[in-house]
Amino acid sequence: MSEAVPVLDDLRRESEELDHLVEGLSGSRWALPTPADRWTVAHQIAHLAWTDRAALTAVTDGEAFGRLVEEALAAPDSFVDDGADEGAALPPGELLSQWRAGRDALHKALTAAPRGTRFPWYGPPMSATSMATARLMETWAHGQDVADALGVVRVPTDRLRHIAHIGVRARDFSFGVRGLSAPDAPFRVELRLPSGELWAGGPEDAGQRVTGPALDFCLLVTQRAHRDDLAVRAEGADAERWLTIAQAFAGPPGPGRPAREGGR
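Computed from a prediction, not measured in an experiment: that's the story for all the values here.

Rules used in this analysis
- Residues numbered from 1 in each chain as written.
- Predicted model: local features only at pLDDT ≥ 70, side-chain atom pairs only at ≥ 80, totals over all residues.
- Heavy atoms only, no water.
- Core = buried A, V, L, I, M, F, W, Y, C linked by side-chain atoms within 4.5 Å.
- Buried < 20%, exposed > 50% of the residue type's maximum accessible area, 1.4 Å probe, protein only.
- Helix = DSSP H or I, 4+ residues; strand = E, 2+ residues; numbered from the N terminus.
- Contact = heavy atoms within 4.5 Å.
- Pairing = 2+ DSSP bridges.
- Salt bridge = Lys/Arg side-chain N within 4 Å of Asp/Glu carboxyl O.
- Axes fitted to C-alpha atoms, helices over the stretch in contact; angles between N-to-C directions.
- Phe/Tyr/Trp six-rings, centres within 6.5 Å; stacked < 30°, edge-to-face > 60°.
- Parallel < 35°, antiparallel > 145°, perpendicular 65-115°, else oblique.
- Nonpolar A, V, L, I, M, F, W, Y, C, P; charged D, E, K, R; others polar.

Concerning the nonpolar core
With 49 residues, the main nonpolar core has Leu110, Met131, Val210, Phe217 and Trp242 as its most contacted residues. Going through the elements one at a time, α1 (5-22), α3 (41-60), α6 (92-112), α7 (128-150), α8 (160-169), β3 (187-192), α10 (214-221) and α11 (237-245) are the ones with two or more residues in this core. It is α7 that contributes the most residues to this core, 8 residues altogether. When residues no more than four places from it in sequence are discounted, the contact partners of Trp242 are Gly167, Val168, Arg171, Ser174, Phe175, Phe187, Val189, Val210 and Phe217. Grouped together as the second largest cluster of nonpolar side chains are 16 residues, Leu25, Val41, Ala42 and Val146 included.

In structure tokens:
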């Protein structure tokens, strides 16, 4: 059995919460705009369904996934939007059924994956655990866009620990994708989970430190809120610079979100 089972269980719970948020929506509410430029609620769910299908292909058919990579390379600036547009054009009920079926199939495939297996992806190959964690991060982040569009405030959970983990591991990527050299010194990151538990990483005596609520850190690294609206604090020039460019997701630098009027 795969080593990814614990995070897969959390991924299932995260997906189910978002599913409950959209399952009873009228057709007009599926068409509501979200904070992502040009994307509606339907686009957000379509993107999750599209990525789940790509992940399932990577896990079950490496040769077929190679063809997906070729398609992406042929249209690097549009392939993500094209996939979302295609899914968003479906009737909401059909789109929701496709998302449910795809994520269930991916759950089963990752659960059955032998320990130590690595799968191809659009970036470096991923273990089952890494792929499940990335899917949870995306589900949570795009779920935030849906919640914002619907005017819903979600109750945060300790599943945020997985997103925090990705955000910290992507520190050097955040610098590199902008053509910047990553700091040599390690950072200490201390985040308070919704339960009150402390999530921490890095040497305790590190000179560069980041602290704050896990929710705010996750909103920052998924670029779902502006730093000025969040209670994430940096100590040290390198940590300060990281928080201005942090991103947990692959691809080019994201545009981020504007600060709210009046700040926090």
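Details of the pairing of β3
In this structure, β3 lies alongside strand β5 (residues 208-213), joined through 6 bridges in parallel fashion. Of the residues in β5, the one forming a bridge with Leu191 is Gly212. Alignment of β3 against strand β4 (residues 198-201), held across 4 bridges, turns out to be antiparallel. The partner of Leu191 across the bridge, within β4, is Trp199.

Here's the deal with the pattern of salt bridges
Counted according to the given criterion, the structure contains 20 salt bridges. Residue Arg171 is joined to Asp172 by a salt bridge in which the shortest nitrogen-to-oxygen separation is 2.8 Å. For Asp172, a relative accessible area of 39% puts it in the partly exposed group. Glu190 is the partner of Arg188 in a salt bridge, and the nearest nitrogen-oxygen pair spans 3.1 Å. Using a relative accessible area of 22% as the deciding quantity, one classes Glu190 as partly exposed. Overlapping salt bridges bring together Glu14, Glu17, Arg154 and Arg159 as one network.

Here's the deal with the sheet that holds β4
The 4 strands are arranged β4-β3-β5-β6 in an open sheet whose pairing can be described as mixed. In this open sheet, the two strands that pair with only one neighbour each are β4 and β6 (233-235). In this sheet, neighbouring strand axes are inclined to one another by 10° on average, regardless of whether the strands run parallel or antiparallel. Where β5 meets β6, 3 bridges bridge the pair, whose relative direction is antiparallel. By the bridge assignment, Arg209 is partnered in β6 with Glu235. Sitting on the sheet, α11 is in contact with β3, β5 and β6, with an inclination near 50° to β5.

Some points on the environment of Glu14
Summarising the element assignment, Glu14 is placed in helix α1. Sequence separation between Glu14 and Met137 is 123 residues; the distance between their C-alpha atoms is 9.4 Å. Filtering out sequence-adjacent residues up to four positions away, Glu14 remains in contact with Leu136, Thr139, Trp140, Arg154 and Arg159.

Details of the packing of aromatic side chains
Following the criterion strictly, the structure yields 7 aromatic pairs and no others. Ring centres of Phe65 and Trp121 lie 5.5 Å apart, and the angle between their planes is 10°; this geometry places the pair in the stacked category. Residue Phe65 is located in helix α4 (residues 62-74), and its partner Trp121 is located in the loop between β1 (118-119) and β2 (126-127); the two are separated by 56 residues in the primary sequence. Judged by its relative accessible area of 1%, Phe65 falls in the buried class. Pairwise contacts between aromatic rings join Trp50, Phe65, Phe79, Trp121 and Tyr122 into one cluster.

Regarding the packing of α3 against α7
For the pair α3 and α7, the least separation of the axes is 9 Å and the interaxial angle reads 170°. Relative to α7, α3 is oriented roughly antiparallel. Across the interface between the two elements, Val41, Gln44, His47, Leu48, Thr51, Asp52, Ala55, Ala58 and Val59 of α3 pack against Met131, Arg135, Glu138, Thr139, His142, Asp145, Val146 and Ala149 of α7. Of the residues that constitute the contact of α3 with α7, the class distribution is 8 nonpolar, 5 polar and 4 charged.

A few points about unusual backbone geometry
Peptide bonds are mostly trans, and most non-glycine residues show a negative phi. A positive phi angle is found at Arg38, which is not glycine, with a value near 75°. For Arg38, a relative accessible area of 48% puts it in the partly exposed group. One non-glycine residue with positive phi stands out, namely Gln223, at about 55°. Assignment of secondary structure puts Gln223 in the loop between α10 and β6.

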